[in-house]
Amino acid sequence: MQNFVKAFSVHLFTASGAAIALFAMLEAGQQNWSLMFLWLIAALIVDGIDGPLARRYQVRKYAPHWVGVLLDLIIDYLTYVFIPAYALTQSGILPEWEGWIAAIVITVTGVVYFADTRMKTADNSFSGFPGCWNMVALVLFALTPAHWISLTIIGLLALAQFFGLKFIHPVRTVRWRPLSLAVMLLWTGTAFVIGWQNFDAGPVAQAVLIASSLYLLFAGIAQQILPAATKS
(Lines give C-alpha, C1' and ligand atoms only; values in the text may rest on other atoms or scores of the structure.)
Protein backbone atom coordinates (compact mmCIF):
# COMPACT_ATOMS: atom_id res chain seq x y z
CA MET A 1 0.00 0.00 0.00
CA GLN A 2 2.80 2.41 0.87
CA ASN A 3 4.45 1.82 -2.50
CA PHE A 4 1.15 2.46 -4.28
CA VAL A 5 0.63 5.75 -2.42
CA LYS A 6 4.11 6.94 -3.38
CA ALA A 7 3.70 5.88 -7.00
CA PHE A 8 0.23 7.40 -7.33
CA SER A 9 1.48 10.61 -5.71
CA VAL A 10 3.96 10.91 -8.57
CA HIS A 11 1.06 10.64 -11.04
CA LEU A 12 -0.73 13.41 -9.13
CA PHE A 13 2.43 15.51 -9.23
CA THR A 14 2.57 15.07 -13.01
CA ALA A 15 -1.15 15.86 -13.23
CA SER A 16 -0.57 19.15 -11.39
CA GLY A 17 0.87 20.33 -14.70
CA ALA A 18 -2.71 20.45 -16.01
CA ALA A 19 -3.65 22.99 -13.33
CA ILE A 20 -0.49 24.95 -14.12
CA ALA A 21 -1.47 24.92 -17.80
CA LEU A 22 -4.89 26.29 -16.84
CA PHE A 23 -3.32 29.13 -14.85
CA ALA A 24 -0.99 29.90 -17.77
CA MET A 25 -3.93 29.98 -20.19
CA LEU A 26 -5.92 32.27 -17.91
CA GLU A 27 -3.01 34.70 -17.81
CA ALA A 28 -2.64 34.45 -21.58
CA GLY A 29 -6.33 35.27 -21.96
CA GLN A 30 -5.69 38.46 -19.99
CA GLN A 31 -2.55 39.12 -22.08
CA ASN A 32 -0.40 38.89 -18.95
CA TRP A 33 2.42 37.35 -20.96
CA SER A 34 5.10 37.53 -18.27
CA LEU A 35 2.89 35.69 -15.75
CA MET A 36 1.91 33.20 -18.43
CA PHE A 37 5.58 32.38 -19.02
CA LEU A 38 6.27 32.09 -15.29
CA TRP A 39 3.54 29.45 -15.10
CA LEU A 40 5.00 27.71 -18.16
CA ILE A 41 8.41 27.71 -16.49
CA ALA A 42 6.78 26.11 -13.44
CA ALA A 43 5.33 23.43 -15.74
CA LEU A 44 8.79 22.93 -17.26
CA ILE A 45 10.21 22.33 -13.78
CA VAL A 46 7.47 19.81 -12.94
CA ASP A 47 8.16 18.03 -16.23
CA GLY A 48 11.86 17.83 -15.42
CA ILE A 49 11.28 16.37 -11.96
CA ASP A 50 8.43 13.91 -12.46
CA GLY A 51 10.40 11.53 -14.68
CA PRO A 52 13.15 10.80 -12.13
CA LEU A 53 10.47 10.49 -9.42
CA ALA A 54 8.51 8.03 -11.56
CA ARG A 55 11.59 5.86 -11.99
CA ARG A 56 12.54 6.20 -8.32
CA TYR A 57 9.13 5.04 -7.08
CA GLN A 58 8.50 2.54 -9.91
CA VAL A 59 5.12 3.88 -10.96
CA ARG A 60 4.76 1.31 -13.74
CA LYS A 61 5.00 -1.45 -11.16
CA TYR A 62 3.04 0.02 -8.26
CA ALA A 63 0.47 2.24 -10.07
CA PRO A 64 0.18 0.54 -13.47
CA HIS A 65 -3.43 1.48 -14.23
CA TRP A 66 -2.43 5.07 -15.01
CA VAL A 67 -0.10 5.59 -17.96
CA GLY A 68 2.40 8.22 -16.91
CA VAL A 69 3.76 8.66 -20.43
CA LEU A 70 0.29 9.50 -21.78
CA LEU A 71 -0.39 11.82 -18.86
CA ASP A 72 2.90 13.57 -19.50
CA LEU A 73 2.25 13.93 -23.24
CA ILE A 74 -1.19 15.49 -22.73
CA ILE A 75 0.18 18.11 -20.35
CA ASP A 76 3.29 18.70 -22.46
CA TYR A 77 1.15 19.39 -25.51
CA LEU A 78 -0.75 22.05 -23.58
CA THR A 79 2.28 23.74 -22.03
CA TYR A 80 4.90 23.16 -24.72
CA VAL A 81 2.79 23.63 -27.84
CA PHE A 82 -0.78 24.90 -27.53
CA ILE A 83 -0.41 27.79 -25.08
CA PRO A 84 2.81 29.14 -26.68
CA ALA A 85 1.11 29.02 -30.10
CA TYR A 86 -1.80 31.02 -28.69
CA ALA A 87 0.62 33.55 -27.20
CA LEU A 88 2.42 34.06 -30.50
CA THR A 89 -0.93 34.65 -32.20
CA GLN A 90 -2.42 37.10 -29.70
CA SER A 91 0.60 38.99 -28.38
CA GLY A 92 1.53 41.01 -31.44
CA ILE A 93 4.97 39.41 -31.63
CA LEU A 94 3.90 38.42 -35.14
CA PRO A 95 1.44 40.29 -37.38
CA GLU A 96 -2.07 38.85 -37.30
CA TRP A 97 -2.03 36.65 -40.42
CA GLU A 98 1.58 35.56 -39.85
CA GLY A 99 0.75 34.73 -36.25
CA TRP A 100 -2.17 32.56 -37.29
CA ILE A 101 -0.06 30.69 -39.84
CA ALA A 102 2.68 30.15 -37.24
CA ALA A 103 0.14 28.93 -34.68
CA ILE A 104 -1.42 26.48 -37.12
CA VAL A 105 2.01 25.13 -38.11
CA ILE A 106 3.07 24.77 -34.46
CA THR A 107 -0.11 23.08 -33.22
CA VAL A 108 -0.57 20.69 -36.16
CA THR A 109 3.05 19.59 -36.49
CA GLY A 110 3.36 19.45 -32.71
CA VAL A 111 0.51 17.02 -32.21
CA VAL A 112 1.79 14.83 -35.05
CA TYR A 113 5.26 14.81 -33.50
CA PHE A 114 3.95 13.94 -30.04
CA ALA A 115 2.09 10.96 -31.52
CA ASP A 116 5.22 9.60 -33.22
CA THR A 117 6.44 6.42 -31.52
CA ARG A 118 9.96 7.09 -32.86
CA MET A 119 10.43 10.37 -30.99
CA LYS A 120 12.92 8.87 -28.50
CA THR A 121 16.38 7.58 -29.45
CA ALA A 122 18.31 4.73 -27.86
CA ASP A 123 20.18 7.11 -25.54
CA ASN A 124 16.94 8.77 -24.35
CA SER A 125 17.42 11.82 -26.52
CA PHE A 126 14.82 13.06 -28.99
CA SER A 127 14.73 12.28 -32.69
CA GLY A 128 13.71 15.58 -34.22
CA PHE A 129 13.02 18.88 -32.49
CA PRO A 130 10.94 17.90 -29.42
CA GLY A 131 8.30 20.60 -29.79
CA CYS A 132 9.63 22.85 -27.03
CA TRP A 133 7.72 25.85 -28.37
CA ASN A 134 7.40 27.25 -24.84
CA MET A 135 11.15 27.86 -24.83
CA VAL A 136 11.15 29.18 -28.39
CA ALA A 137 8.29 31.58 -27.65
CA LEU A 138 10.00 32.93 -24.54
CA VAL A 139 13.16 33.65 -26.52
CA LEU A 140 11.10 35.47 -29.18
CA PHE A 141 9.31 37.50 -26.52
CA ALA A 142 12.62 38.38 -24.85
CA LEU A 143 14.52 39.31 -28.01
CA THR A 144 11.67 40.51 -30.29
CA PRO A 145 13.54 39.82 -33.55
CA ALA A 146 12.21 40.95 -36.91
CA HIS A 147 9.08 39.13 -38.07
CA TRP A 148 10.85 37.31 -40.87
CA ILE A 149 13.48 36.01 -38.43
CA SER A 150 10.79 34.71 -36.08
CA LEU A 151 8.93 33.04 -38.94
CA THR A 152 12.14 31.50 -40.27
CA ILE A 153 13.00 30.06 -36.84
CA ILE A 154 9.48 28.65 -36.44
CA GLY A 155 9.50 27.16 -39.93
CA LEU A 156 12.91 25.52 -39.56
CA LEU A 157 12.11 24.06 -36.14
CA ALA A 158 8.74 22.77 -37.35
CA LEU A 159 10.54 20.94 -40.17
CA ALA A 160 13.23 19.74 -37.76
CA GLN A 161 10.58 17.73 -35.89
CA PHE A 162 10.51 15.27 -38.78
CA PHE A 163 14.18 14.79 -39.57
CA GLY A 164 16.60 12.45 -37.85
CA LEU A 165 18.36 15.23 -35.99
CA LYS A 166 19.17 14.48 -32.38
CA PHE A 167 18.11 16.81 -29.57
CA ILE A 168 19.25 16.10 -26.04
CA HIS A 169 17.04 15.49 -23.03
CA PRO A 170 19.01 17.43 -20.37
CA VAL A 171 18.01 14.97 -17.64
CA ARG A 172 18.06 11.61 -19.44
CA THR A 173 20.75 11.95 -22.13
CA VAL A 174 23.82 10.57 -20.37
CA ARG A 175 26.46 12.03 -22.66
CA TRP A 176 27.45 15.52 -21.47
CA ARG A 177 24.70 15.31 -18.84
CA PRO A 178 26.44 17.40 -16.12
CA LEU A 179 26.99 20.22 -18.61
CA SER A 180 23.51 19.86 -20.10
CA LEU A 181 21.86 19.98 -16.67
CA ALA A 182 23.89 23.04 -15.73
CA VAL A 183 22.94 24.80 -18.96
CA MET A 184 19.28 23.87 -18.52
CA LEU A 185 19.28 25.28 -15.00
CA LEU A 186 20.98 28.42 -16.28
CA TRP A 187 18.39 28.77 -19.05
CA THR A 188 15.51 28.25 -16.60
CA GLY A 189 16.88 30.76 -14.10
CA THR A 190 17.51 33.34 -16.80
CA ALA A 191 14.06 32.80 -18.31
CA PHE A 192 12.49 33.26 -14.88
CA VAL A 193 14.33 36.54 -14.34
CA ILE A 194 13.36 37.79 -17.80
CA GLY A 195 9.72 36.85 -17.25
CA TRP A 196 9.72 38.39 -13.78
CA GLN A 197 11.05 41.63 -15.27
CA ASN A 198 8.30 41.63 -17.91
CA PHE A 199 10.86 40.90 -20.65
CA ASP A 200 12.71 44.12 -19.88
CA ALA A 201 16.02 42.28 -19.53
CA GLY A 202 19.45 43.75 -20.03
CA PRO A 203 22.04 42.62 -22.58
CA VAL A 204 23.69 40.21 -20.14
CA ALA A 205 20.48 38.26 -19.56
CA GLN A 206 19.76 38.24 -23.27
CA ALA A 207 23.26 36.97 -24.05
CA VAL A 208 22.94 34.18 -21.47
CA LEU A 209 19.51 33.23 -22.86
CA ILE A 210 20.85 33.08 -26.42
CA ALA A 211 23.97 31.09 -25.49
CA SER A 212 22.12 28.55 -23.35
CA SER A 213 19.37 28.19 -25.99
CA LEU A 214 21.94 27.52 -28.70
CA TYR A 215 23.61 24.83 -26.59
CA LEU A 216 20.31 23.07 -25.87
CA LEU A 217 19.36 23.33 -29.53
CA PHE A 218 22.60 22.05 -31.07
CA ALA A 219 24.22 19.81 -28.41
CA GLY A 220 22.46 16.71 -29.72
CA ILE A 221 23.44 17.43 -33.31
CA ALA A 222 27.02 17.95 -32.14
CA GLN A 223 26.87 14.53 -30.46
CA GLN A 224 25.79 13.02 -33.77
CA ILE A 225 28.76 14.62 -35.51
CA LEU A 226 31.36 13.98 -32.82
CA PRO A 227 31.86 10.29 -31.98
CA ALA A 228 31.67 9.36 -28.32
CA ALA A 229 34.95 8.46 -26.68
CA THR A 230 35.37 4.71 -26.31
CA LYS A 231 36.43 3.27 -22.97
CA SER A 232 39.74 1.47 -23.10
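Residues numbered from 1 in each chain as written. Predicted model: local features only at pLDDT ≥ 70, side-chain atom pairs only at ≥ 80, totals over all residues. Heavy atoms only, no water.

### Considering the pattern of salt bridges
Once their charged atoms are close, side chains differing in charge can pair, the charge on each being opposite to the other.
Link 1 in the chain: Taken as a whole, this structure holds two salt bridges when the rule is applied.
Link 2 in the chain: Between Arg 118 and Asp 116 there is a salt bridge; the shortest N-O distance is 3.0 Å.
Link 3 in the chain: Residue class for Arg 118 comes out exposed when judged on its relative accessible area of 62%.
Link 4 in the chain: Residue Asp 116 is classed as partly exposed on the basis of its relative accessible area of 21%. (Salt bridge = Lys/Arg side-chain N within 4 Å of Asp/Glu carboxyl O. Buried < 20%, exposed > 50% of the residue type's maximum accessible area, 1.4 Å probe, protein only.)

### Details of the confidence of the model for the protein
Link 1 in the chain: Here the protein averages 91 in pLDDT, while 98% of its residues score no lower than 70.
Link 2 in the chain: When the elements of the protein are averaged for pLDDT, helix 3 (residues 59-62) gives the smallest value, 84, and strand 2 (residues 166-167) the largest, 95. (pLDDT = per-residue confidence, 0-100. Helix = DSSP H or I, 4+ residues; strand = E, 2+ residues; numbered from the N terminus.)

### Observations concerning the packing of helix 6 (residues 133-143) against helix 7 (residues 147-160)
Link 1 in the chain: Helix 7 packs onto helix 6 with a crossing angle of 165° between their chain directions and a minimal axis gap of 11 Å. Taken together, helix 6 and helix 7 sit at an angle that is classed as roughly antiparallel. Here the hand of the crossing between helix 6 and helix 7 comes out right-handed. Contact residues: Trp 133, Val 136 and Leu 140 in helix 6; Ser 150, Ile 153, Ile 154, Leu 157 and Ala 158 in helix 7. (Axes fitted to C-alpha atoms, helices over the stretch in contact; angles between N-to-C directions. Parallel < 35°, antiparallel > 145°, perpendicular 65-115°, else oblique. Left-handed = near helix turned anticlockwise from the far one by under 90°. Contact = heavy atoms within 4.5 Å.)

### Description of the nonpolar core
Link 1 in the chain: Counting 56 residues, the largest nonpolar core has Met 36, Trp 133 and Trp 187 as its most contacted members.
Link 2 in the chain: For this core, the element with the highest residue contribution is helix 6, accounting for nine residues.
Link 3 in the chain: Here Met 36 is in contact with Ala 24, Glu 27, Ala 28, Ile 83 and Ala 87, once residues within four sequence places are set aside. (Core = buried A, V, L, I, M, F, W, Y, C linked by side-chain atoms within 4.5 Å.)

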